[in-house]
Amino acid sequence: MRILVTNDDGVYAEGIRVLAQHLRTLGEVFVVAPERPRSAAGHSITLHKPLRLHRVHLLDGTIAYATNGTPTDCVTLGAHAVMEHRVDLVVSGINAGPNLGWDLTYSGTVAAAIEGAVHGVNAFAISLAAEEVLPLARSESDAPAEPPTLHYETAGQAAVQIASMLMEHPLPPHTFLNVNVPNLPWHEVRGFQATALGKRQYADRIETRVDPAGRPYYWLSGSLVEDRDQPGTDVYAVAHGYVSITPIHLDFTAYNLLAPLHEWVAQLNELARR
Ligand code: MN
């Protein structure tokens with residue numbers, strides 16, 4: 001099996017190194033990742049400047065390709081320029097931090113898996129759901145944040161099991177999996193759960209401050225509001241110690257709105273004919 005590994009935290013992130021190490025037990029691994037962190041890049045692509053690939057070595061000696069492109073570019077570049085279009089699986093991660101609920105659309109990690117699906121290849125995104133790494137607002141009274149322990153090994157093991165599952169059960173066209181792993185040692189994980197996207201939002205998203213010249217500036221931060229009480233969702237599964245696996249379709253159409261929309265459009269057409 002030929003596996004394309006990418007991420008949005010950058011080629012030198014610990015998560016992608018651990019992911020590549022684990023997936024190597026299943027086949028040939030090619031690492032193509034952004035040369036710098038590109039978290040929250042979404043599904044953006046680079047159209048207005050040349051894309052470059054540099055061969056680099058990771059800390060464990062892994063040969064990787066660093067690019068000036070986005071996570072989405074990495075999949076196209078990797079498939080075309082590195083793997084000669086022979087890609088069996090795209091795995092994106094291990095992201096430092098969760099990608100749950102509506103955060104999917106911001107995520108560069110998830111976008112790389114989307115691009116895998118666009119290329120017609122089995123793909124999944126995998127994120128370590130450690131809240132501590134998110135840029136959330138902390139109150140003045142909070143103790144200074146200590147660097148969190150990040151259990152990338154747990155996510156690496158989950159990735160191997162999910163990749164094996166996909167070898168046996170390939171995904172239908174235009175779909176991929178979004179995986180979130182609780183930040184726990186492997187023996188504390190309670191298992192895997194198939195989930196739907198949950199509700200997870202940021203309150204007071206923007207914080208206004210004043211610079212030394214008296215001009216306002218703004219930070220996107222806010223605090224997290226999530227519904228952890230809704231069984232069957234990704235938010236619930238991770239909060240309860242399960243690896244969450246959500247199937248995602250590239251088709252965003254709200255099918256339940258099509259019928260009423262037909263009627264509204266008929267009214268529009270009637271008005272237009274007057
Ligand atoms: Mn990231």
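Preceding block: the structure.
About the criteria used
Residues numbered from 1 in each chain as written. Predicted model: local features only at pLDDT ≥ 70, side-chain atom pairs only at ≥ 80, totals over all residues. Heavy atoms only, no water. Core = buried A, V, L, I, M, F, W, Y, C linked by side-chain atoms within 4.5 Å. Buried < 20%, exposed > 50% of the residue type's maximum accessible area, 1.4 Å probe, protein only. Helix = DSSP H or I, 4+ residues; strand = E, 2+ residues; numbered from the N terminus. Contact = heavy atoms within 4.5 Å. 1 Å grid on protein atoms, 1.4 Å probe; cavity = no way out; pocket = protein on both sides within 12 Å on 5 of 7 lines; lining within 4 Å. Points joined across faces, edges and corners; volume = space filled by probe spheres on them. Nonpolar A, V, L, I, M, F, W, Y, C, P; charged D, E, K, R; others polar.

**Some thoughts on the nonpolar core**
Consideration 1: Core analysis: the biggest nonpolar cluster contains 35 residues, and Leu23, Phe124, Ile126 and Val179 have the highest contact counts within it.
Consideration 2: In terms of residue count, helix α4 (residues 152-168) provides more of this core than any other element does, eight residues in total.
Consideration 3: What Phe124 contacts, discounting residues up to four positions off in sequence, is Leu89, Val90, Val91, Ser92, Ala113, Ala159, Ile162, Ala163, Leu166, Leu177 and Val179.
Consideration 4: Formed by 21 residues, the second largest nonpolar core is a distinct cluster that contains Val32, Ala112, Phe176 and Ile248.

**Digging into the layout of surface pockets**
Consideration 1: Each pocket or cavity is described by its volume, and for the largest pocket that value is around 510 Å³.
Consideration 2: Around the largest pocket, the lining is made up of 22 residues, and of these Ser39, Ala40, Leu134, Pro135 and Tyr202 lie nearest the centre.
Consideration 3: Breaking the lining of the largest pocket down by element, the ones donating at least two residues are β5 (89-96) and α3 (108-118).
Consideration 4: Of the residues contributing to the lining of the largest pocket, the split by class is 10 nonpolar, eight polar and four charged.
Consideration 5: Volume-wise, the second largest pocket comes out at about 300 Å³.
Consideration 6: Along the wall of the second largest pocket there are 19 residues; nearest its centre are Leu104, Leu197, Ile248, His249 and Phe252.
Consideration 7: Top element by residues in the lining of the second largest pocket is strand β13 (residues 242-249). It accounts for four residues.
Consideration 8: Its residues placed into classes, the lining of the second largest pocket shows 11 nonpolar, seven polar and one charged.

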